[in-house]
Number of protein chains: 4
Amino acid sequence: MNRSVKVTIWNEFRHEKTNEKVMQVYPQGMHTVIGQAMPENYTVTYAALDEEEHGLTEERLQETDVLIWWGHVAHDEVDDRIVQRVYERVLKGMGLIVLHSGHFSKIFKKLMGTSCDLKWREHEPNGERERLWVVRPGHPIVEGIGEYIQLENEEMYGEHFDIPQPDELVFTSWFQGGEVFRSGCCWNRGQGKVFYFRPGHETFPTYFNKDVQRVIANAVGWAAPVASAAPVYGNAKPLENI
Amino acid sequence: MNRSVKVTIWNEFRHEKTNEKVMQVYPQGMHTVIGQAMPENYTVTYAALDEEEHGLTEERLQETDVLIWWGHVAHDEVDDRIVQRVYERVLKGMGLIVLHSGHFSKIFKKLMGTSCDLKWREHEPNGERERLWVVRPGHPIVEGIGEYIQLENEEMYGEHFDIPQPDELVFTSWFQGGEVFRSGCCWNRGQGKVFYFRPGHETFPTYFNKDVQRVIANAVGWAAPVASAAPVYGNAKPLENI
Amino acid sequence: MNRSVKVTIWNEFRHEKTNEKVMQVYPQGMHTVIGQAMPENYTVTYAALDEEEHGLTEERLQETDVLIWWGHVAHDEVDDRIVQRVYERVLKGMGLIVLHSGHFSKIFKKLMGTSCDLKWREHEPNGERERLWVVRPGHPIVEGIGEYIQLENEEMYGEHFDIPQPDELVFTSWFQGGEVFRSGCCWNRGQGKVFYFRPGHETFPTYFNKDVQRVIANAVGWAAPVASAAPVYGNAKPLENI
Amino acid sequence: MNRSVKVTIWNEFRHEKTNEKVMQVYPQGMHTVIGQAMPENYTVTYAALDEEEHGLTEERLQETDVLIWWGHVAHDEVDDRIVQRVYERVLKGMGLIVLHSGHFSKIFKKLMGTSCDLKWREHEPNGERERLWVVRPGHPIVEGIGEYIQLENEEMYGEHFDIPQPDELVFTSWFQGGEVFRSGCCWNRGQGKVFYFRPGHETFPTYFNKDVQRVIANAVGWAAPVASAAPVYGNAKPLENI
């Protein structure tokens, strides 16, 4: 995490304005809690659905190394043109961290090529226990993390999770109610890297958890663009005599 | 290949009607040459762009175990609703074999989540040599195939090929002009299997090649649906007391 | 599973002779229970540690399409020359199914290149609940299997399981005591296929479970050799003029 | 590469003392040429076969973040106890970069679990052209590298390369004589990372090539250990009441 990275944290930012329970947990929005947890050498900016162009102008995306995405009730309100813009930036190298209910966001489904569907359960009133086991020790995303992360109150997400086989599977969750879930997954898309991280139901203080914060910060470092040559596509002259 | 499979071969079927060179090579269309090469225990039907619903009605797709796709100049004419229909069938288990210029079809790009772009060259007048090396001996798709398949006259496709990392890489091509290409690639999407196979430029008699035919037939067998339980998605009751 | 396959089931076959509890569950040995569950078109033979050459002569292995392996207390008694012989047959295409405590067998560790270590717990007196979730629906190994397999009494194996990333992850287990485990894993080695399947502690009647039997039978079909060309290694003349 | 890493470069260091052609290209040994190309923030030390314990004492390995390995004619002279020591360090997190003919080293074969065999050709007198295509743009190992690396004079290595499917395939080589080769491959083993990089025949000045040097330096950064929790193995108490 000793690398300077420009992070944009995108939050749908609706629950925090309409649901009293969420207001109490995240009065300034989930994005600010995540942002304040980023290391000092990261430059953090925020964007939200209700801003113009959802806060994701072409200029803003060009200035973004890694985009963090939290959405839930308003996936359909995200403009397809903005989704296309984010998609193209990912293929050109921008990292993307998709959190929790973002599994059903347009951008995640477009990058995965699958339905991204799953089982879920919001056990009243306090959710249930989740234990995220590290199945890939030594991966940069688990730097500083123990053998597992335990969260006492979370929504359940269960298999089958309809995603392409992850290029790297980092976490697998155990749930109190009897399910498992591939909860930390890496993929490559074009020159970009995508990380899905499961925890973060809006009514629980999950993003205050130090381990969860550390994983997100690590993932940003892992997903930051690498300055390799952009591939050239299209008609090509031979490199050998034929 | 001793398994009964229902195959639908979809061909854009435009070049064969408009380009004299292609007419000569494939007077009845590429699809029929491929279809006639399928083993006897496969049931083969055909579909084409200019049929109603492109020949891919809901009923037809329900009756299809594996769909083979060849398209090129008219990708944009494929109706988005039909693309969505094929996509949903793949996630439910239908196999999909995408050939050659099908890399730019709507359905392949939608399933991959990437641009599927590449380098290409049509060396006049006779193309160039391609040698498809088997990099995964023992895979069902190379049953009966030697260490490589050699094609004297083909269009070149070169890296970088903008696809997600294949779940299994079966062939890698060498081209006379100096390029390489991941030319036989497997992915899983939902309950379905996808195989991309590179050769098959319309002006060359590639689909008459016995090895190419064998690979396609093998791929159909590999991609045929498996009768496992369809996953249940959505709200789920706990399996344990919580 | 409609394919004829020659299966050899290798069992250490010591617990069944010395431990009264195991004697009661498997009076003829675990191998015979597994063997009797194989489909009719499979040809089943047995081999055990205490036979000459552990029952795995060169001739026997040449006649074997897929080898099933159960071992536990006597891994060290397996002769290194026999391990080498099995290893070479796998690289030449023989399938290998490694069951439960076979994770610590010489042959599995040699093929994996890792320690294959894990967490374990034998909860007295009746073990604990394991639920094996299918994370790859549509895979040939889960044909006929539901969304999960539930076993009421099993030994626990927990992550981290020190294996190379599986080429395909088919099952992930939930355990009552709070752990998860990658419990059905596929790898390719040379021309051969390897499947590790977790359940089967000797004191529980796991191999009488119809789902467990079905998975093993499916895995045998999946792992059966494919008649592709054996690669040629060593000094090679150029295929092009240089 | 802005991270401090302790690199040990191990060279068999025999060709440079006995073969006049190699002496002229690498009078101080290949290892020193590689070492001098490492970035300033890397700490480089050297070790060779003919040193006591091959220069790889327990202390030395404990002080090593990433080990680079070049061997060829004397693989068999490497003491099995030293191989075991290196192996255990890799599983505990030390990175390993295996170069060229190191594909047949004891340590690489032990970590792969396969024969690591391949086709090869030393075309007299000047080898042949190799073009290493980047098939994974955006990977940290290709930072600063163009679409391909071209080497005019190299030994040929051709498929089939008998390795487990790489976790990440970064380079694929084209050879003038008609072959292809997976020439830059990543695997995870335990907590450690392994990178195989093909070029570097002893009679050619390959390790003076700036791109080759850059790839090796990048690979060292990629393979450096990550401070995640060491997994605990063995008997485990339940985390939940059962």
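Refer to the structure presented above.
Residues numbered from 1 in each chain as written. Chains lettered and ligands numbered in written order. Predicted model: local features only at pLDDT ≥ 70, side-chain atom pairs only at ≥ 80, totals over all residues. Heavy atoms only, no water.

Asks: Any chance you could break down the overall build of chain A for me, citing the residues and the numbers?
Replies: Within chain A one finds 7 helices and 12 strands. In terms of overall size, chain A behaves like a compact globule, its C-alpha atoms giving a radius of gyration of 18 Å where 242 residues would be expected to give roughly 18 Å. Overall, the C-alpha framework of chain A stretches about 70 × 40 × 35 Å when taken along its three principal axes. Relative to its full complement of 242 residues, chain A shows a buried share of 66%. Of all intrachain contacts in chain A linking residues separated by at least 6 positions in sequence, the fraction that spans at least 24 positions is 72%. (Helix = DSSP H or I, 4+ residues; strand = E, 2+ residues; numbered from the N terminus. Rg over C-alpha atoms; globule rule 2.2 N^0.38 Å. Buried < 20%, exposed > 50% of the residue type's maximum accessible area, 1.4 Å probe, protein only. Contact = heavy atoms within 4.5 Å.)

Asks: Outline a positive patch on the surface, supporting the account with residue identities and numerical values.
Replies: Together, K109 and K110 of chain A together with K109 and K110 of chain B line one region of the surface with positive charge. At the level of secondary structure, the elements contributing two or more residues to the positive patch comprise α6 (106–112) of chain A together with α6 (106–112) of chain B. Relative to the helices and strands, K109 of chain B is located in helix α6. (Patch = residues over 30% accessible without salt bridge, like charges linked within 9 Å, V, L, I, M, F, W, Y side chains within 5 Å. Areas by Shrake-Rupley, 256 points an atom, 1.4 Å probe, with all protein chains shown as cover. Salt bridge = Lys/Arg side-chain N within 4 Å of Asp/Glu carboxyl O. Lys, Arg positive; Asp, Glu negative; His and termini not counted. Charge placed at Lys NZ, Arg CZ, Asp CG, Glu CD.)

Asks: Just give me the short version of the side chain of S173 of chain A, but keep the residues and values in it.
Replies: Residues and elements named next belong to chain A. Along the polypeptide, S173 turns up in strand β9 (residues 168–175). Engagement of the side chain of S173 in a polar contact is seen with the side chain of E130, the distance being 2.5 Å. Reaching out from S173, the side chain makes a polar contact with the side chain of S183 at a distance of 2.8 Å. (Polar contact = N/O pair within 3.5 Å; in protein donor to acceptor, adjacent residues only side chain to side chain.)

Asks: Break down the pairing of strand β9 (residues 168–175) of chain D for me, with residues and values.
Replies: Residues and elements named next belong to chain D. Burial within β9 is extensive, with 8 of its 8 residues counted as buried. Taken together, the 5 bridges between strand β6 (residues 128–134) and β9 define a ladder with antiparallel strand orientation. Looking at β9, one finds that V134 is bridged to F171. The loop that links β9 with its antiparallel partner strand β10 (residues 180–189) comprises 4 residues; one of these, G178, has a positive phi angle of about 115°. (Pairing = 2+ DSSP bridges.)

Asks: Outline the packing of aromatic side chains, supporting the account with residue identities and numerical values.
Replies: Scanning the model with the defined rule gives 50 aromatic pairs over all chains in all. For the pair Y157 of chain D and F181 of chain D, a centre-to-centre distance of 5.7 Å together with 70° between the ring planes defines the contact as edge-to-face. Taken together, the positions of Y157 of chain D in strand β8 (residues 156–158) and F181 of chain D in strand β10 put the pair 24 residues apart, joining distant regions of the chain. One exposure class covers both Y157 of chain D and F181 of chain D, and it is buried. Three or more aromatic residues link up through ring pairs in this structure, and these residues are F108, Y157, F161, F181, W187 and Y196 of chain A. One cation-aromatic arrangement involves R198 of chain A over Y157 of chain A; the distance from NZ or CZ to the ring centre is 4.8 Å. Positioned over the ring face of Y148 of chain C is R131 of chain C, at 5.6 Å from the centre of the ring. (Phe/Tyr/Trp six-rings, centres within 6.5 Å; stacked < 30°, edge-to-face > 60°. Lys NZ or Arg CZ within 6 Å of the ring centre and 35° of its normal.)

Asks: Can you tell me about the relation of the copies chain B and chain A, naming the residues and giving the values?
Replies: Take chain B, turn it by 180°, move it 0.0 Å along the axis, and it overlays chain A with an RMSD of 0.0 Å. The transformation just described matches what one would write down for a two-fold rotation axis. Residue G113 of chain B of chain B places its C-alpha closer to the rotation axis than any other residue of that unit, at 2.5 Å. Taken together, the interface assignments show that 100% of the residues at the interface of chain B recur at the interface of chain A, consistent with an identical surface on both copies. (Least-squares fit on C-alpha atoms with pLDDT ≥ 70 in both.)

Asks: Before we move on, could you go through the relation of the copies chain C and chain D and cite the residues and values that matter?
Replies: Placing chain C over chain D gives an RMSD of 0.0 Å and needs a rotation angle of 180°, together with 0.0 Å of translation along the axis. Here 100% of the interface residues in chain C have copies in chain D that are interface residues too; the copies meet face to matching face.

Asks: Please give an account of the side chain of R182 of chain D that cites residues and values.
Replies: With respect to the helices, strands and loops of the structure, R182 of chain D is situated in strand β10. Residue R182 of chain D is classed as buried on the basis of its relative accessible area of 6%. A polar contact of 2.9 Å, which involves the side chain of R182 of chain D, links it to the side chain of E159 of chain D. Within the structure, R182 of chain D has its side chain in polar contact with the backbone oxygen of F161 of chain D (distance 2.9 Å). Discounting residues that sit within four places of it in the chain, R182 of chain D has contacts with V135 of chain B together with E159, H160, F161, I163, P166, L169, F171 and T172 of chain D.

The values reported here are purely geometric and, on their own, carry no functional implication.
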